[in-house]
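Chain by chain, the residues run as shown.
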Amino acid sequence: MTAADFIEKIRNNEIDIVEHTEKIIKECREINREYNYFNTISDELALKQAHEIKKLIKNKDKSVKNKKLLGVAVSAKDSICVKGVESTAGSRILKGYRPLFNATVIEKVIKEGGIIIGKTSQDEFGFGSFSVFSGFKIPKNPIDKERSCGGSSGGAAGLAKKADFPHISLGESTGGSIAAPASFCDVFGLTPTYGRGSRYGLLDYGNSLDKIGPIGKTCYETALLQEAIAGYDPNDSTSLNAQVDEYTQVIGEPVKGMKIGIIKEAFGKGNDKSVEKHVNDGIGRLKEEGVKFEEISLDLPVKYGLATYYMIATSEASTNLAKYCGMRYGAFEKLEGSFNEYFTKVRSANFGDEAKRRIIMGTFARMSGFRDAYYIKAAKVRTLIINEYKKAFKKFDALVSPSVPILPPKFSEIEKLTPLQNYMMDIMLVGPNIAGLPHLSVPVGYEKNLPVGMLLTGDHLQESKLLKLGSVFER
Ligand code: GLN
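Residues numbered from 1 in each chain as written. Predicted model: local features only at pLDDT ≥ 70, side-chain atom pairs only at ≥ 80, totals over all residues. Heavy atoms only, no water.

**Regarding a nonpolar patch on the surface**
Filter applied, for reference: Here a patch means residues that are over 30% exposed by relative accessible area and free of salt bridges, tied together within 9 Å if like-charged and within 5 Å if nonpolar (Val, Leu, Ile, Met, Phe, Trp, Tyr). In this description, accessible areas are obtained by the Shrake-Rupley approach with a 1.4 Å probe, and a residue is regarded as covered only by the protein chains that are shown. We count a salt bridge whenever a side-chain nitrogen from Lys or Arg sits within 4 Å of a carboxyl oxygen from Asp or Glu. Helix and strand definitions here come from DSSP, where helices need a minimum of 4 consecutive H or I residues and strands a minimum of 2 consecutive E residues; each element is numbered from the N-terminal end.
Together, Leu100, Phe101 and Tyr200 make up an exposed nonpolar region whose accessible area comes to about 310 Å². Note on placement: Leu100 falls in the loop between strand S2 (73–77) and helix H4 (104–111).

**Quick word on the site of the ligand**
Quick reminder of the rule: When at least one non-hydrogen atom of a residue lies within 4 Å of a molecule or strand, that residue is treated as near it. Here a polar contact is taken to be a pair of N or O atoms separated by no more than 3.5 Å, where protein atoms must pair a possible hydrogen donor with a possible acceptor and residues adjacent in sequence count only if both atoms sit in side chains. Only Asp, Glu, Lys and Arg are considered charged in this grouping, and only Ala, Val, Leu, Ile, Met, Phe, Trp, Tyr, Cys and Pro are considered nonpolar; every other residue, Gly among them, is considered polar.
Within the structure, the ligand sits among 16 residues, and Gly175, Ser177, Tyr205, Tyr309 and Asp426 are positioned closest to it. Take Ser177: an N or O atom from its side chain is 2.7 Å from an oxygen atom of the ligand. Tyr310 is positioned such that a nitrogen or oxygen atom in its side chain is 3.4 Å from an oxygen atom of the ligand. Against a free-state accessible area of 290 Å², the protein chains account for coverage of 100% of the ligand. Contributing elements (two or more residues each) for the shell around the ligand: strand S4 (167–173) and helix H9 (299–320). Looking at the shell around the ligand residue by residue, the classes come out as four nonpolar, nine polar and three charged.

**A closer look at the side chain of Glu463**
Note the cut-off: Pairs of residues are marked as contacts when any of their non-hydrogen atoms sit within 4.5 Å.
Within the element layout of this structure, Glu463 appears in helix H16 (residues 463–470). Beyond its immediate stretch of four places on either side in the chain, Glu463 contacts Leu190, Pro192, Thr193, Arg196, Tyr247 and Pro438.

**A short note on the layout of surface pockets**
In this approach a probe as big as a water molecule rolls over the atoms, and the regions it shows empty are the leftover space. Here is the rule we go by: Only protein atoms enter the calculation, which uses a 1 Å grid: trapped sets of points that fit a 1.4 Å probe without letting it out are cavities, open sets showing protein on both sides within 12 Å along at least five of seven lines are pockets, and any residue with an atom within 4 Å of a point is a lining residue. Grid points are joined across faces, edges and corners, and a volume is the space filled by probe spheres set on the points.
Taken as a whole, the largest pocket spans an internal volume of roughly 420 Å³. The wall of the largest pocket is formed by 21 residues, among which Gly270, Pro405, Ile406, Met424 and Ile427 lie closest to the centre. Every element with two or more residues in the lining of the largest pocket is listed here: helix H13 (411–414) and helix H14 (419–424). For the lining of the largest pocket, the per-class residue count stands at 14 nonpolar, three polar and four charged. Taken as a whole, the second largest pocket holds about 190 Å³ of empty space. What lines the second largest pocket is Leu306, Ala307, Tyr310, Met311, Thr314, Met361, Phe364, Ala365, Tyr374, Leu420, Tyr423 and Met424. Sorting the residues of the lining of the second largest pocket by element identifies H9, helix H11 (353–366) and H14 as the ones contributing at least two each. Of the residues forming the lining of the second largest pocket, the biggest block, five residues, is contributed by H9. Here the residues of the lining of the second largest pocket sort into eleven nonpolar, one polar and no charged.

**Examining the pairing of strand S10 (residues 439–447)**
Just so we agree on the cut-off: Exposed residues in this analysis have more than 50% of their type's maximum accessible area, buried residues have under 20%, and partly exposed residues fall in between, with area computed by a 1.4 Å probe over protein chains only. Here, any two strands with at least 2 DSSP bridges between them count as paired.
For S10, the buried fraction is high: eight of the nine residues fall into the buried class. Two elements, strand S5 (residues 188–191) and S10, share three bridges in a ladder whose sense is antiparallel. Paired with Leu190 across the bridge in S10 is Leu440. Bridge analysis of S10 against strand S11 (residues 450–458) gives eight bridges, and the strand direction is antiparallel. Note that in S11 the partner of Glu447 across the bridge is Leu450. Linking S10 back to S11 in an antiparallel pair, the connection comprises two residues, with Lys448 at a positive phi of about 45°.

Structure representation (structure tokens):
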């Protein structure tokens, strides 16, 4: 059943929302036993919400008519704060942390009648591309359990594919964490423009990069959740005060005459051949619909994107993580020794290796004497990258590349990767993330049972164009 049909049935009281919610919580538990998509299933909250909705329907409350997500299960990446529900961002250092407030996106979902079913598994604080750098259980690919879901929003994408009840996931991307897992799990993942929505209540990774966005089985559902969460928030000074489009309205609209640039540097060397083949099929599919394509060279994002991204992201991450010291949030130890000894004990015991690596790298890049050579330089290159994209969007509605250069790898293969090889997974994704540009990963086909994603990148605030193009792939 599609989300739209489901909402209609709930509205008309043809499905009992409480019974339905009880049933899906059971299903989530079963899925979780095998696939590890949840760090926490928020059954109490979900049932409380279901009862409230049931009451509204019974009382024929007028608000029921306008709730965009009425009764639809929504999961949240663990880094998105849900009041009273353990929120760890995948880190053991936040074990036991129950936020006293909801993130703005959660408030919005609840207001639209969406039911929060739990917190999904991820790389610790978003540090990773395969969800294997987690303080807890590692999510498994819904298509092949020996393979990765991608990351860092791995649980979110896995669940979006696996759940056979109406459900949409809230993911988060700093440098590719929505598109990469969407591609590996055969679902749609939209990373909105930086600032299109609120980051208030997000356990942040890199403040100038983080975006919360939807992951869905269909393009329509992805658009629906984006419509619910977008908008200005006085609690987040970086959120944009710009009108929000009705994203669901563009689904299925004609795309004839749109112009897409094929990023030359994103094809050829470094890609798995089969990935490229399916992305080319995707391009062919859009051509059939009357989309025009032309090659464009985008040198800077591909050449300097990774270095720029990892410099900025680790710098911001290292300052963000300073507050986790065993005093305020999550993990505590017996208070003894000097402050320094105590902090060191808590942080050594509870951060994973990748988090430690990033703290060290980020602190180094920000050190006096190095700041100008690294962090400030990266910020300058970032501006050059933005300018290069802006020039391209004078001519094109969107740009296309593969989402990830490889098919979902086996866990045994990931173990052999060096940190640098891990970072290289994001080669296509860091560019749009650094530039704050919206991008959509679209499932375009299967190679020997393994899914391939195609990346469409748009100009700032042009999410609608991407969703319209993406919807060609679900017709
Ligand atoms: N894989 C990238 C990283 O490790 C991106 C992660 C993200 O977007 N949260 O930083």
